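Next come the chains, spelled out residue by residue.
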Amino acid sequence: MKDNNNIHTNDKLICTQGNAYYSEGEVYTVGRIVNDKYFQLLTSGNDDHWYATLDDQGIYVSFDTATATNNKAFFDKIA
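Below is a short write-up of the structure. (Residues numbered from 1 in each chain as written. Predicted model: local features only at pLDDT ≥ 70, side-chain atom pairs only at ≥ 80, totals over all residues. Heavy atoms only, no water.)

Some points on the overall build of the protein chain
Next, step 1: A tally of helices and strands in the protein chain yields zero helices and six strands.
Next, step 2: Secondary structure elements of the protein chain, listed N to C terminal, follow the sequence β-β-β-β-β-β.
Next, step 3: Within the protein chain, buried positions represent 37% of all 79 residues.
Next, step 4: Contacts in the protein chain between residues at least 24 apart in sequence constitute 38% of all its contacts with a sequence separation of at least 6.
Next, step 5: As presented, the protein chain carries roughly 4900 Å² of accessible surface, and 45% of it is formed by carbon and sulfur atoms. (Helix = DSSP H or I, 4+ residues; strand = E, 2+ residues; numbered from the N terminus. Buried < 20%, exposed > 50% of the residue type's maximum accessible area, 1.4 Å probe, protein only. Contact = heavy atoms within 4.5 Å. Areas by Shrake-Rupley, 256 points an atom, 1.4 Å probe, with all protein chains shown as cover.)

Section: the environment of Lys12
Next, step 1: Within the element layout of this structure, Lys12 appears in strand E1 (residues 12–17).
Next, step 2: Those residues within four positions of Lys12 in sequence are excluded, and the remaining contacts are Val27, Tyr28, Thr29, Asp76, Lys77 and Ile78.
Next, step 3: At a separation of 2.7 Å, a polar atom in the side chain of Lys12 contacts the side chain of Thr29. (Polar contact = N/O pair within 3.5 Å; in protein donor to acceptor, adjacent residues only side chain to side chain.)

Topic: the nonpolar core
Next, step 1: In terms of nonpolar packing, the biggest core is built from 15 residues, with Leu13, Tyr22, Phe39, Leu41 and Phe75 touching the most fellow members.
Next, step 2: Those elements that provide at least two residues to this core are E1, strand E2 (27–33), strand E3 (38–43), strand E4 (48–55), strand E5 (58–62) and strand E6 (72–77).
Next, step 3: Not counting residues up to four positions away in its chain, the partners in contact with Leu41 are Leu13, Tyr22, Tyr28, Thr29, Val30, Asp48, His49, Trp50, Ala52, Val61 and Phe75. (Core = buried A, V, L, I, M, F, W, Y, C linked by side-chain atoms within 4.5 Å.)

A word on the pairing of E6
Next, step 1: Across four bridges, the pairing between E1 and E6 is antiparallel. Bridge pairing in E6 places Gln17 opposite Phe74.
Next, step 2: As paired elements, E5 and E6 share four bridges and run antiparallel to each other. Residue pairing in the sheet places Ser62 in a bridge with Lys72 of E6. (Pairing = 2+ DSSP bridges.)

Structure below.
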C-alpha cells in the first residue's frame, strides 16, 4: 500500500480497480472525514457519496451484495 494515511476533505483519489459504481481511471473527491478509517467518497457530480475505507488493504469502497462479482473498488491518492 502507498502512504495514504493522510486523507483529507477535498483530496482527489483515482480509481485503480473499478466496479459497477466506480470507473477505473476516473478521479473522485474525498468528502467528510468520519474517523481515521472511514470517509465519504463523493460521486455523481459530488452530490452523492459512498463510504470508503482506509486500512491495510488500501483505499476502497466495498459493496455488500451477493450479485456483484467484483464488490470492491480500489483507489490511490493523487499527490
